[in-house]
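Reading the structure
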Amino acid sequence: MLSQSAPKFSSTGTQATRIVGALTIIVMTWVLISGLVLTPADVVQGESVRIMYVHVPSAWVAYLAFIVTAIASAFYIFAKRHSLGFDRVAGASAEVGVMFMVITLVTGSLWGRLTWGEFWQWDPRLTTTAFLLVTYVGYLAVRRLDGSVEQRARRSAVIALLAVLEIPLVHFSVVFWRSLHQRATILDPNGDVKMDGLMLFTLFSGVVGFTLVFVWLILHRQRTMLLSDLANQSGLDAAILARQNESVSI
Amino acid sequence: MKKTAIKTAKRRVASAVFIKDLRIEARSRVVTNQVLPFAGLIMVMFAFALDNDDVLQRVAGGLIWLATIFSLFIIVQRSFAIDTSDSALDSLRVAGIDLSAVFFGKAVALTLQLIALDVVLIGAAFLLYQIQVSALGVVLLVTCVVCATTGLGFVGTLYGGLTAGTNGRETLLPLLLLPVVAPVLIAATRATEAALGSSGAEISEGWAWVGLLTIFAAVFGVGGSLAFGPLIDE
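Reading the values: rules and limits
Residues numbered from 1 in each chain as written. Chains lettered and ligands numbered in written order. Predicted model: local features only at pLDDT ≥ 70, side-chain atom pairs only at ≥ 80, totals over all residues. Helix = DSSP H or I, 4+ residues; strand = E, 2+ residues; numbered from the N terminus. Rg over C-alpha atoms; globule rule 2.2 N^0.38 Å. Buried ≥ 20, exposed ≤ 12 C-beta atoms within 10 Å, placed from the backbone. Contact = placed C-beta atoms within 7 Å. Nonpolar A, V, L, I, M, F, W, Y, C, P; charged D, E, K, R; others polar.

Secondary structure summary: chain B contains eight helices and zero strands in total. For chain B, the sequential pattern of α-helices and β-strands runs α-α-α-α-α-α-α-α. Compactness check: chain B gives a C-alpha radius of gyration of 18 Å against a globular reference of 17 Å for 234 residues, within 12% of the reference. Structurally, chain B occupies a C-alpha span of about 55 × 35 × 30 Å along its principal axes. Across the 234 residues in chain B, those meeting the buried criterion constitute 45%. By sequence separation, contacts in chain B at least 24 residues apart represent 86% of the contacts at least 6 residues apart.

Here we take up the interface of chain B and chain A. If you look at the interface, chain B gives 15 residues, while chain A gives 15 residues. Tallying contributions element by element places helix H7 (residues 169-196) of chain B first for the side of chain B that touches chain A, with six residues. Tallied by class, residues from the side of chain B that touches chain A come to eleven nonpolar, three polar and one charged.

All names here are of chain B. Notably, aspartate 51 is not glycine yet its phi reads approximately 50°, a positive angle. Relative to the assigned elements, aspartate 51 resides in the loop between helix H2 (30-50) and helix H3 (53-84). According to the C-beta neighbour criterion, aspartate 51 is exposed, with 9 such atoms within 10 Å. Here the phi dihedral of glutamine 130 falls at roughly 55°; this positive angle occurs in a residue that is not glycine. For glutamine 130, a count of 11 C-beta atoms within 10 Å translates into the label exposed.

Inspection of the secondary structure puts Thr143(B) in helix H6 (residues 135-163). Distance from Thr143(B) to Thr192(B), taken between C-alpha atoms, is 10.0 Å for residues 49 residues apart in sequence.

Have a look at this one:
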């Protein structure tokens, strides 16, 4: 049973989300201008390096989203009071994560076409990232199974905790198998930065900007989920009341 | 004393569920009459599709494990369809027994059925694809089959329990299972290739992949025993 009372607000926005939204617009505008105009082309990769300003931050946000999903799911499962708020955050984060994972794979494919001459290579990191995407699409399918919100929350929390086991596999796949994927180029093993200053700052801004987009989307999405759950619940209550009234009138 | 009693009770539940699943199979013969012919047909269809003896010998390992995984879906769905019909799974749940014991009982029964299936599939590969194996390769192959099917048994039981009784389980189960079993497909294929000496692979290369299969089985054995209860406890 949902513990929340009927919402008093008519929108999902608050003062906090508006501030996050405004910050997001400012940072993303800077990333757009700097990434497309101000930063130089790469000596080796040419103009295709600009894809990096979208690809790397979206990959970061996708992984962050899946980690948030796992943490929120763990809180739902292990906390004494199984708060559905954690379930909604987990679900919202997975949805946003899947979206950013698709962006990561699409931008990666475009970069691969320009650099490797192919849209897709059976590179371990690419392949396992695609598997990770399918895993979270499955997670979202589990969330849409029949049942109460509590059933949905418990099932999906368990699936999220199992799915997170795949993230280390993705990370270490580069080490385990021979890989075509671009190795870490920003920091070498000694910690020395090997990138033009403005390019590095733009990339960093992209990571911040995409993270703000993620936060903004999560805040709104989990509130729309709450409204949806409440609407379903009130619809059910109304239907039960209508049947009761029918039986009384008979 | 109390701990010993709980352990004994768990073992009895697990063995009862294990015997129940195998007895149902012995009476219905779904695996022997339907799944085995289906898996055999897949092996024949692969031969039609690839139409080259050299290619078939090279990819035989992968084909055996793909046929195993496709058959896994059918066996798991069949097993849980029986458990959910007449609310048999609900009866087990309300009986107050330890659900991790139910998980282990079902997983071991599924593993045994998969081992029997793989024996037939490997036999079919010897006949149809003309593969060969050395004595040392047999040891690797047997270990690989045991480790891989154990992992598949655990993960199949876990996700089968999740989708049991839900609408669209026929499509949801492959969607959930395929990404999870991908490491088993890769590792078991590489280990089998090493055992068969396909593409010049050495037998020693296969043992590292068997290690990965063992880790997979251990992770999903522990994870499954913890998660199975919450997944079906509704």
